[in-house]
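Here's the letter readout for the chains.
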Amino acid sequence: MPVKNTASALGEAVGKLIEDEIERTLSPICREHRCVYDRGGKRPKKRKGVLLVMVNASGNRYQLDGVVENPNGEPVILLESKYLRYKKHNRDKGSWTCASHYSLRKTYPTIRKSIALLSGRWSVPSKAFLESFGIELHHIDFALMCSIMADYGVPFDWPEHNQKIPDKAWSKFQALTAGRKKAIGRKLVDPIRDALASSIRTTLEGGEDWPQHLNEVELLLKTDRNEYFTQSFTQAKDAIEFLLSLHEEAQDLRGKLSKPKRSSR
């Protein structure tokens, strides 16, 4: 069946090559620690269907690209792979990842890390936005993608409304052997492979020593009027002192929630 949007089809195909190579990189590391790298597919004892979906405390469902599970089958690391050709879509793609990962981290206390594997044209502000939600980034630059694809005779850069070049690119890509496509995926991931592998290992080998690496404590307080208050601290004792200070008569709490305390190190 003919492909109508060859530009989109090529982007999805290259994105899958990246995800396949990520799986080949991370699965052995996960097995070393008796963990599982799940990116969807049939798992009769785990889920019905093939989509990798997690549900938050409110019942909202989120389809994910990858999850590292501990030996008990609990999520430890969330992974999202996002490819963008045009920067104008940065905020939409980034916002979904921020919202979904943040919500799931609140629901599953075993989650220790969120990772976004970005490829293509991602702006500096969009990357900073993702990082502000505690998401670790690994970026494959668009110029590098174009260079690697050109090595295999596949043009990968064209004006936004051009149809001839993506049609030609899709045809060239389809003619590549499975081995050459796999090689493209390997070369695309090479620049981020070591840092990503190290990050996964560090988290899985961290065990229960994470309090020794505590850098910030963030408290989210919710009232019965559906109001939210956030407080950040650099030390756990300051967060505890703040919570204890709330054990007062209601009329004496006015002003306490509007002035976050920060300790000086």
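Here, the structure is the one placed above.
Residues numbered from 1 in each chain as written. Predicted model: local features only at pLDDT ≥ 70, side-chain atom pairs only at ≥ 80, totals over all residues. Heavy atoms only, no water.

Here we look at the nonpolar core
Let me state the cut-off plainly: Definition used in this section: a nonpolar core is a set of buried Ala, Val, Leu, Ile, Met, Phe, Trp, Tyr and Cys residues joined via side-chain atoms within 4.5 Å. Summary of the burial criterion: residues with accessible area below 20% of their type's maximum are buried, those above 50% are exposed, and those between are partly exposed, where the area comes from a 1.4 Å probe applied to protein chains only. Every helix listed is a DSSP run of H or I at least four residues long, and every strand listed is a run of E at least two residues long, numbered separately from the N terminus. A contact between two residues is defined here by any heavy atoms of the two lying within 4.5 Å.
Leu10, Ile22, Phe156 and Phe173 are the most contacted members of the largest nonpolar core, which has 42 residues in total. Elements represented by at least two residues in this core include exactly helix H1 (6–32), strand E5 (75–84), strand E6 (113–120), helix H4 (142–151), helix H5 (164–174) and helix H6 (178–205). For this core, the leading source of residues is H1, giving 10 residues. Among all residues touching isoleucine 22, those that are not within four sequence positions of it are Tyr37, Leu117, Val189, Ile192 and Leu196.

Thoughts on the packing of aromatic side chains
The line we're drawing: Only the six-membered ring of Trp is used, alongside the rings of Phe and Tyr, when aromatic pairs are assigned; centres must lie within 6.5 Å, and planes under 30 degrees apart are stacked while those over 60 apart are edge-to-face, with the rest tilted. Charge-over-ring placement is defined geometrically: NZ (Lys) or CZ (Arg) within 6 Å of the ring centre, and within 35 degrees of the ring normal.
Enumeration over the complete set of coordinates arrives at 8 aromatic pairs. An angle of 45 degrees between the planes, with centres 6.0 Å apart, marks the rings of tyrosine 83 and phenylalanine 156 as tilted. Here phenylalanine 156 lies in the loop between H4 and H5 and tyrosine 83 lies in strand E5, a separation of 73 residues in the sequence. We note that tyrosine 83, like phenylalanine 156, is buried. On the numbers, 5.5 Å between centres and 45 degrees between planes, the contact of phenylalanine 233 with phenylalanine 242 is tilted. Exposure remark for phenylalanine 242: the relative accessible area of 1% places this residue in the buried category. Three or more aromatic residues joined by ring pairs form one cluster here, namely Tyr83, Phe142, Phe156 and Trp158. Across the ring face of phenylalanine 156, the terminal group of arginine 85 is positioned such that the distance to the ring centre comes to 4.7 Å. When the ring centre of tryptophan 158 is taken as reference, the NZ or CZ atom of arginine 85 above it lies at 3.8 Å.

Some details on a positive patch on the surface
This is how the line gets drawn: What goes into a patch is any residue over 30% in relative accessible area without a salt bridge, connected to like charges within 9 Å or, for nonpolar side chains (Val, Leu, Ile, Met, Phe, Trp, Tyr), within 5 Å. The Shrake-Rupley method, run with a 1.4 Å probe sphere, supplies the accessible areas, and residue values consider only the shown protein chains as cover. Salt-bridge detection follows one rule: a side-chain nitrogen of Lys or Arg within 4 Å of a carboxyl oxygen of Asp or Glu. The convention is simple: Lys and Arg are positive, Asp and Glu are negative, and His and the chain ends are not counted. Where a charge sits is defined by one atom per residue type, namely NZ (Lys), CZ (Arg), CG (Asp) or CD (Glu).
Taken together, Arg180, Lys182, Arg186 and Lys187 make up a surface patch of like positive charges. Within the fold, lysine 182 resides in helix H6. Of the residues examined, lysine 182 reaches a relative accessible area of 43% and is grouped as partly exposed.

Regarding the pattern of salt bridges
Going through the model one piece at a time under the given rule, you end up with 16 salt bridges. In this structure, lysine 82 engages glutamate 80 in a salt bridge whose closest nitrogen and oxygen atoms are separated by 3.7 Å. Side by side, lysine 82 and glutamate 80 carry an identical accessibility label, which is buried. With a shortest N-O distance of 2.7 Å, aspartate 190 and arginine 193 are connected by a salt bridge. One end of the pair, aspartate 190, and the other, arginine 193, are both in helix H6, 3 residues apart, so they sit about a helical turn from each other. The class for aspartate 190 is partly exposed, based on a relative accessible area of 42%.

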